[in-house]
Amino acid sequence: MSVPELRVGLGFDVHALGGDGPLVLGGVTIPDAVGLVGHSDADVIAHAVADALLGPAGLPDLGTMFPASDDAYRDASSIGLLEAVVARVRSVGWSIANIDAVVAAEQPPLATHLPAMVETLTAATGAFVALKPKRTEGVGAVGRGEGIAAWAVALLTRELSTDA
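Within each chain, residues carry numbers counting from 1 in the order of the written sequence. The predicted origin of the model limits local features to residues at a pLDDT of at least 70 and limits the giving and counting of side-chain atom pairs to 80 or more, whereas totals for whole chains, interfaces and linings rest on all residues. Heavy atoms throughout the structure, all of them, feed into the side-chain values; hydrogens and water do not.

> Honestly, the packing of aromatic side chains in this entry has me stumped. Any pointers?
Aromatic ring pairs are defined here through the distance separating the ring centres and the angle between the ring planes. Any two rings among Phe, Tyr and Trp, with Trp reduced to its six-membered ring, count as a pair given centres within 6.5 Å; such a pair is stacked if its planes are under 30 degrees apart, edge-to-face if over 60, and tilted if neither. Applying the stated criterion to the full structure yields two aromatic pairs. With 5.3 Å between their ring centres and 50° between their planes, Phe12 and Trp151 make a pair best called tilted. Of this pair, Phe12 sits in strand E1 (residues 2-19) while Trp151 sits in strand E7 (residues 147-161), placing them 139 residues apart in sequence. Per-residue accessibility, obtained with a 1.4 Å probe over protein chains only, is compared with the maximum for each type, and a residue is labelled buried under 20%, exposed over 50%, and partly exposed between these values. The exposure class assigned to Phe12 is partly exposed, which follows from its relative accessible area of 42%. An angle of 80° between the planes, with centres 5.1 Å apart, marks the rings of Phe66 and Tyr73 as edge-to-face. Given the relative accessible area of 14%, Phe66 is considered buried. Judged by its relative accessible area of 21%, Tyr73 is partly exposed. Secondary structure follows DSSP: runs of H or I at least 4 residues long count as helices, runs of E at least 2 residues long count as strands, and numbering of each begins at the N terminus.

> Please clarify how the pairing of E7 should be interpreted in this entry.
Residues in a regular strand project their side chains so that they alternate between the two faces of the sheet. We treat two strands as partners when DSSP finds at least two bridges between them. Two strands pair when backbone bridges link them, and E1 and E7 are joined in this way by 15 bridges, in the antiparallel orientation. Its bridge partner lying in E7, Ala16 is registered against Gly147.

> Honestly, the sheet that holds E1 in this entry has me stumped. Any pointers?
The strands making up a sheet are joined through hydrogen bonds of the backbone, oriented either antiparallel or parallel. The five strands lie next to each other as E4-E1-E7-E5-E6, forming an open sheet whose pairing is mixed. Two strands lie at the open edges of the sheet, namely strand E4 (35-36) and strand E6 (128-134), each paired on one side alone. Looking at chain direction, E1 and E4 are connected through two bridges and run antiparallel. By the bridge assignment for E4, Gly19 is matched with Gly35. Only heavy atoms enter the contact rule, under which two residues are in contact if any of them lie within 4.5 Å. Note on geometry: axes are C-alpha line fits, over the in-contact stretch for helices, and angles between N-to-C directions span 0 to 180 degrees. Along the sheet face, helix H1 (residues 44-54) touches E1, E4, strand E5 (95-104), E6 and E7 and points at about 150° away from the line of E1. Along the sheet, helix H4 (residues 114-125) contacts E5 and E6; its crossing angle with E6, the most-contacted strand, is approximately 145°.

> Where do I start with a nonpolar patch on the surface in this structure?
Nonpolar side chains collect at one region of the surface, where Val8, Leu10, Phe12, Val14, Trp151 and Val153 lie side by side and expose about 580 Å² of accessible area between them. Those elements that place two or more of their residues in the nonpolar patch are E1 and E7. At four residues, E1 tops the list of elements feeding residues into the nonpolar patch. Among the structural elements, Val153 can be located in strand E7. Put simply, a patch holds well-exposed residues, over 30% relative accessible area, that have no salt bridge, with like charges counted together within 9 Å and Val, Leu, Ile, Met, Phe, Trp or Tyr side chains within 5 Å. Methods summary: accessible areas were calculated by the Shrake-Rupley approach with a probe of 1.4 Å, and residue burial reflects only the protein chains presented. Any carboxyl oxygen of Asp or Glu within 4 Å of a side-chain nitrogen of Lys or Arg constitutes a salt bridge here.

> Which parts of the structure should I look at to understand unusual backbone geometry?
Negative phi values dominate among residues other than glycine, just as trans dominates among peptide bonds. Going from Gln107 to Pro108, the amide bond is cis rather than trans, its omega being -5°. Tracing the backbone through its elements, the reader meets Pro108 in the loop between E5 and H4. At Ala42, a position not held by glycine, the phi torsion is positive, near 65°. The exposure class of Ala42 is buried, given its relative accessible area of 0%. The backbone of Glu137 sits at a positive phi, close to 55°, despite the residue not being glycine. One can find Glu137 in the loop between E6 and helix H5 (140-143). Take Glu137: its relative accessible area is 58%, and that puts it in the exposed class.

What follows is the structure in structure tokens.
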């Protein structure tokens, strides 16, 4: 007989606006928007989702797996990094049940890009993904338009054998 083991993970990421590249969120390039500063493409949503998956699987955080000190990851696609994380999570016996994420940004408006982001994140993780945009109403660095932040929660499952 087997019983499910469940683990919940939380991920967070924030990057400053002002990068040289395009703005990439949830694997989608947002046209006519200022990019984020980062070693990779600085996709805060993909980074938060990756860390939400790594923690409950007992794996190192995203920065340890793909360090900014390694030029191999310069300008890397964060969706590609997320796909590598998903493969690692699965390799240690976990399945992804679902992901719930929030992205906080004052600009640009994100509502029209959400379906494409959800589709890209779902394809990368093989799981149900919910994504909600929020504004911080002028509060803090994100509210002043200095950066973009994201949070994600993931549920991992695996079957445990029991001696009945």
